[in-house]
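# Coordinate analysis (summary)
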Amino acid sequence: MSKLDVASRIEPKRKKPDNIEILPEICDLCGACVAVCPPNVMSLIQNDLSIDFNGCTYCSLCIDICPLRAIKGSFN
Ligand code: SF4
Ligand code: SF4
């Protein structure tokens, strides 16, 4: 099953966050979130984890996969 298939199964079940925030003081740069992001808009380059919000679908998979809860979603 592709990452997009997984995302489409999960997405309809709950409200998407309006904002996604990486908490660098908690993140250990394991890369799990980068690997799971369906549109591949997360990057981990030279210890810098970032999200290209132009392509982010706010699917929350990165939040769910993070073992340290270092990505936070919020609702406006
Ligand atoms: S919420 Fe955005 S950054 Fe996180 S996995 Fe989904 S598309 Fe990628
Ligand atoms: S899964 Fe969590 S700890 Fe791992 S790189 Fe992503 S934000 Fe950091």
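Please refer to the structure higher up on the page.
For the structure given in this document, a descriptive report is provided here. (Residues numbered from 1 in each chain as written. Chains lettered and ligands numbered in written order. Predicted model: local features only at pLDDT ≥ 70, side-chain atom pairs only at ≥ 80, totals over all residues.)

## Some thoughts on unusual backbone geometry
Rules: Numbering of helices and strands starts at the N terminus; helices are DSSP runs of H or I of at least 4 residues and strands are runs of E of at least 2. Residues are called buried when their C-beta atom has 20 or more other C-beta atoms within 10 Å, exposed when it has 12 or fewer, and partly exposed otherwise; all C-beta atoms are positioned from the backbone.
Residue Asn40 is not a glycine yet carries a positive backbone phi of 55°. Residue placement: Asn40 occurs in the loop between α2 (32-36) and β2 (42-45). Residue classification places Asn40 among the exposed positions, given that 12 C-beta atoms sit within 10 Å. Located in the positive-phi region is Asn47, a residue other than glycine, with phi close to 65°. Of note, Asn47 is situated in the loop between β2 and β3 (48-51). In this structure Asn47 comes out as exposed when scored by C-beta crowding, with 8 C-beta atoms within 10 Å.

## Here's the deal with the nonpolar core
Convention followed: Working definition: the nonpolar core is a set of buried Ala, Val, Leu, Ile, Met, Phe, Trp, Tyr and Cys residues, joined through C-beta atoms within 7 Å. In this description, a residue-residue contact is defined by the distance between C-beta atoms placed from the backbone, which must lie within 7 Å.
Among the nonpolar cores identified, the biggest contains ten residues, and these are Ile20, Cys33, Cys37, Met42, Cys59, Leu61, Cys62, Cys66, Ala70 and Ile71. Cys37 has contacts with Met42, Leu61 and Cys62, leaving out every residue within four places of it along the chain.

It is worth stressing that arrangement in space is one thing and function is another; only the former is reported here.
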